[in-house]
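Understanding the architecture of this molecule
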Amino acid sequence: MLRIAVQTKGRLNEQSMDLLREAGVCVAEDKRKFLMRAKDFPVELLFLRDDDIPQTVSMGAADLGIVGLNEVVERGYDVQVLKKLGFGACRISLAIPKTDKYTGLEYFNGKRIATSYPNILNEYFAKYNINAEIHTITGSVEISPAAGLADAIFDIVSSGGTLVSNGLVEVEKVLQSEAVLIGTPNLDAEKMLVAQQLMSRFESVITGTGKKYLLLNIPTSALDEAIGILPAMRSPTVIPLAQKDWCSMQTVVDEDALWEVIEKLKAIGAEGILVLTLDKIVL
Ligand code: PRT
Ligand code: ZN
């Protein structure tokens, strides 16, 4: 039985559970327990605080774990990063009061920096020969400068809103992070097989995320132009229509590019455009 450590609650819980469910790993969420067996897959879920996931996986008390890369790097335990999962994106950055003039990394020499990520910061400063005082705090790092506890902070940034509302400005992006699947260093062959099956299911879910299925009719004379507009996985499917000189096209489009693609297709005569929600792409 493969055991996967997942955050109990917090920012990564919901999307971790969604990804697992989409990949066929379902647990009865109404009666949540510390350890839960999945219904149709040889997997059990162990619910933990995110801080504890890297160590638990490194010790082998869980075979896999879903956690932010920032926690993996900070804790430094021996785990394998098996897969980026495409959610929980953030960065860990240095930020200073917006009233200060930033002069480059030397700015931090002799400064007090508040952070919950002292190891990552230590390593970064060592690399650039910066001598700063690192104050490790848990909790609201962003209020430290205004409270007179620090000159600057090193913290997680996502939209940047928290920095703005605390009068801070991001000056150095040190680590780009997202949720990752980690694995224990020595997974036995039987568990590795299940882990690989799970990873390929994750891949299908992740590839389908942010994509739409597009169906449309186009005059045959405009077909080449339409193929040029449509970014397809291989090339779009083209089927002749009963109506002479018309055909139907089908393809997958990134949601971000969807409207732009539709406008271009309409401009060359496309009709009957259907946009369908896509669930998974099995490559
Ligand atoms: O209870 P537990 O210990 O399990 O959870 P936690 O409270 O330690 O962590 P949690 O749930 O807050 O975050 C889990 C993980 O989500 C982090 O380790 C990151 O990998 C990821 N993540 C993604 C974030 C953010 N985005 C994020 N914005 N974690 C925290 N934040 C906080 C940040 O600390 C800051 O206070 O949000 C604020 C900044 O957000 P913006 O959008 O204002 O820039
Ligand atoms: Zn935590």
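Residues numbered from 1 in each chain as written. Chains lettered and ligands numbered in written order. Predicted model: local features only at pLDDT ≥ 70, side-chain atom pairs only at ≥ 80, totals over all residues. Heavy atoms only, no water.

What to know about the overall build of the protein
- Across its full length, the protein holds eight helices and 15 strands.
- The C-alpha radius of gyration of the protein comes to 24 Å, more than 25% above the 19 Å expected for a compact globule of 283 residues.
- Based on the C-alpha atoms only, the size of the protein along its principal axes is roughly 75 × 50 × 35 Å.
- Of all 283 residues assigned to the protein, the portion counted as buried reaches 45%.
- By sequence separation, contacts in the protein at least 24 residues apart represent 68% of the contacts at least 6 residues apart.
- For the protein, the accessible area works out to roughly 15,200 Å², and carbon and sulfur atoms hold 50% of it. (Helix = DSSP H or I, 4+ residues; strand = E, 2+ residues; numbered from the N terminus. Rg over C-alpha atoms; globule rule 2.2 N^0.38 Å. Buried < 20%, exposed > 50% of the residue type's maximum accessible area, 1.4 Å probe, protein only. Contact = heavy atoms within 4.5 Å. Areas by Shrake-Rupley, 256 points an atom, 1.4 Å probe, with all protein chains shown as cover.)

Some points on helix α6 (residues 189-208)
- Spanning 20 residues, α6 covers 29 Å between terminal C-alpha atoms, matching the ideal 28 Å at 1.5 Å per step.
- Val 194, Ala 195, Leu 198, Met 199, Phe 202, Ser 204, Val 205, Thr 207 and Gly 208 are the residues of α6 that are buried.
- Between a side-chain oxygen at the N-terminus of α6 and the backbone nitrogen of Glu 190 the separation is 3.1 Å; the capping residue is Asp 188.
- One or two steps after α6, the chain reaches Gly 210, where phi turns positive at roughly 75 degrees. (Expected span 1.5 Å × (residues − 1). Polar contact = N/O pair within 3.5 Å; in protein donor to acceptor, adjacent residues only side chain to side chain.)

Section: the coordination of the zinc ion (ligand 2)
- Coordination sphere of the zinc ion (ligand 2), protein contribution only: Asp 50 (OD) and Asp 51 (OD), at 2.0 to 2.1 Å.
- Around the zinc ion (ligand 2), the four donor atoms are arranged such that angles at the metal cover 75 to 174 degrees; this shape is classified as irregular.
- The class of Asp 51 is partly exposed, set by a relative accessible area of 23%. (Donors = N, O, S within 2.8 Å, 3.2 Å for Na, K, Ca; no water. Tetrahedral: all angles 85-135°; square planar, octahedral: opposite > 155°, others 65-115°.)

Overview of the pattern of salt bridges
- Counted by the stated rule, this structure contains 15 salt bridges.
- When the shortest N-O distance is used, the salt bridge between Lys 280 and Glu 22 registers 3.2 Å. Of this pair, Lys 280 sits in the segment after β15 (271-277) while Glu 22 is found in helix α1 (residues 13-22), placing the two residues 258 residues apart along the sequence.
- A relative accessible area of 34% places Glu 22 in the partly exposed class.
- A salt bridge links Lys 212 to Glu 255, with the nearest nitrogen and oxygen atoms 4.0 Å apart. Highlighted residues: Lys 212 in strand β12 (residues 211-219) and Glu 255 in the loop between β14 (246-254) and α8 (258-267), separated in sequence by 43 residues.
- Ionic contacts of the salt-bridge type, sharing partners, join the residues Arg 49, Asp 51, Glu 71 and Arg 75 into one network. (Salt bridge = Lys/Arg side-chain N within 4 Å of Asp/Glu carboxyl O.)

Scope: geometric values only; no functional claims are made or implied.
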